[in-house]
Amino acid sequence: MPLVTTTKMFEDAYKGGYAVGAFNVNNMEIIQGIVQGAQKLNAPLILQVSKGARAYANHTYLVKLVEAAVETTGLPIALHLDHGPDFETCKACIDGGFTSVMIDGSSLPYEENIAVTKKVVEYAHAHGVVVEGELGRLAGVEDDVKVSAEDSSYTRPEEVFDFVSRTGVDSLAIAIGTSHGAYKFKPGQDPKIRIDILEEVEKQLPGFPIVLHGASSVIPEFVDEINRYGGKMDNAIGIPESELRKAAEHAVCKINIDSDLRLAMTAAIRKYMAENPSHFDPRQYLAPAREAIQGMVEHKITDVLGCAGKA
Ligand code: G3H
Ligand code: 13P
Ligand code: ZN
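What this report covers is the structure whose coordinates are included nearby. Nothing here was measured: the structure is a model prediction, and the numbers come from that model.

## Comments concerning the packing of helix 7 (residues 157-167) against helix 8 (residues 195-204)
Okay, so step 1: Two numbers describe how helix 7 lies on helix 8: the axes approach to 8 Å, and their chain directions differ by 40°. Crossing of helix 7 over helix 8 shows right-handed handedness. Taken together, the residues of helix 8 that come into contact with helix 7 (itself represented by Pro157, Val160 and Phe161) are Ile197, Glu200, Val201 and Gln204.

Structure below.
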């Protein structure tokens with residue numbers, strides 16, 4: 001099976017009350033760990049590549065690695081551009097083998113967001129590629145952009161129908177309380193998703209797939225492991241998995257997870273290096289890192305996304 005778009009995945013996920021995991025990829029071990037987890041549980045998969053990932057690993061390397069994942073597993077896998085910053089980057093990915101792109105105009109004024117998103121949709125659809133847009137602004141860090149909590153803003157449900165109908169997007173990312181990175185809430189804050197906003201959005205867009213960014217839970221076990229082996233990550237707090245499970249049962253069909261993979265990988269490498277100070281073969285510490293990624297993905301598929309057996 002070649003790379004697929006997310007169209008059927010999202011139709012099935014919406015009807016089935018589950019979500020598909022969209023995991024960020026930057027190198028071979030990360031791709032292998034994710035894919036092995038999804039294969040073991042027969043889950044559909046979205047592998048997503050940020051602007052930073054393309055700069056780090058090279059577009060062609062990542063596409064070929066993802067193609068290898070498709071060839072070796074036979075799973076339905078979509079290759080998605082995460083947070084496309086402009087039309088040119090989206091076009092490069094559409095021309096260069098991606099099956100899905102996000103155009104992130106969420107920091108632009110509303111009409112400018114519509115204009116750039118519509119332009120990407122027209123080009124993408126003419127090439128058989130689907131498009132995710134974004135309305136509302138998440139806090140946190142992604143690529144070189146840092147959005148403070150004060151500058152973030154929830155999606156306004158009264159805008160979503162207008163945005164989707166005027167742009168023609170295939171899915172919509174909304175801001176309902178999640179944020180990027182490992183420091184999503186301050187100690188003492190209530191880490192909650194605004195399910196009420198999600199429900200309002202659903203009423204405006206019945207049957208339409210919604211996307212949640214910034215959906216890592218920053219599982220304390222992994223942060224503790226990093227700190228135990230020389231790291232320093234104080235007050236790292238994510239979004240509880242029970243909150244995400246609720247969202248997946250609603251209209252959320254795609255849940256983006258990157259930070260939890262980074263934490264699992266870093267914890268495994270720190271532990272390995274601390275316990276084996278004389279080792280210097282990268283395969284020795286990258287193998288447990290890959291296994292840790294696989295374990296994290298299996299956990300997400302089973303306990304958060306609910307998409308095991310849905311490939
Ligand atoms: O939302 C952003 C993702 O976590 C990707 O992060 O831009 O550092 O590759 P990155
Ligand atoms: P996290 O930082 O919560 O993993 O979010 C990832 C993301 O939204 C990628 O687009
Ligand atoms: Zn994101």
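The rest of the description comes next.
## Some words on the side chain of glutamate 241
Okay, so step 1: Within the secondary structure, glutamate 241 sits in helix 10 (residues 241-249).
Okay, so step 2: Once residues lying within four places of it in the same chain are set aside, the contact partners of glutamate 241 are Ser217, Ile219, His299, Lys300 and Val304.

## Concerning the pattern of salt bridges
Okay, so step 1: Applying the stated criterion across every chain yields a total of 22 salt bridges.
Okay, so step 2: With a closest N to O distance of 2.7 Å, lysine 232 and aspartate 234 form a salt bridge.
Okay, so step 3: Since its relative accessible area comes to 44%, aspartate 234 is described here as partly exposed.
Okay, so step 4: The network of salt bridges with shared partners includes Glu111, Asp162 and Arg166.

## Topic: unusual backbone geometry
Okay, so step 1: At asparagine 42, a residue that is not glycine, the phi angle is positive and equals roughly 50°.
Okay, so step 2: By the secondary structure assignment, asparagine 42 is in the loop between helix 2 (28-40) and strand 2 (45-50).
Okay, so step 3: Here asparagine 42 falls in the partly exposed class, since its relative accessible area comes to 38%.

So, how was this worked out
- Residues numbered from 1 in each chain as written.
- Chains lettered and ligands numbered in written order.
- Predicted model: local features only at pLDDT ≥ 70, side-chain atom pairs only at ≥ 80, totals over all residues.
- Heavy atoms only, no water.
- Axes fitted to C-alpha atoms, helices over the stretch in contact; angles between N-to-C directions.
- Helix = DSSP H or I, 4+ residues; strand = E, 2+ residues; numbered from the N terminus.
- Left-handed = near helix turned anticlockwise from the far one by under 90°.
- Contact = heavy atoms within 4.5 Å.
- Salt bridge = Lys/Arg side-chain N within 4 Å of Asp/Glu carboxyl O.
- Buried < 20%, exposed > 50% of the residue type's maximum accessible area, 1.4 Å probe, protein only.

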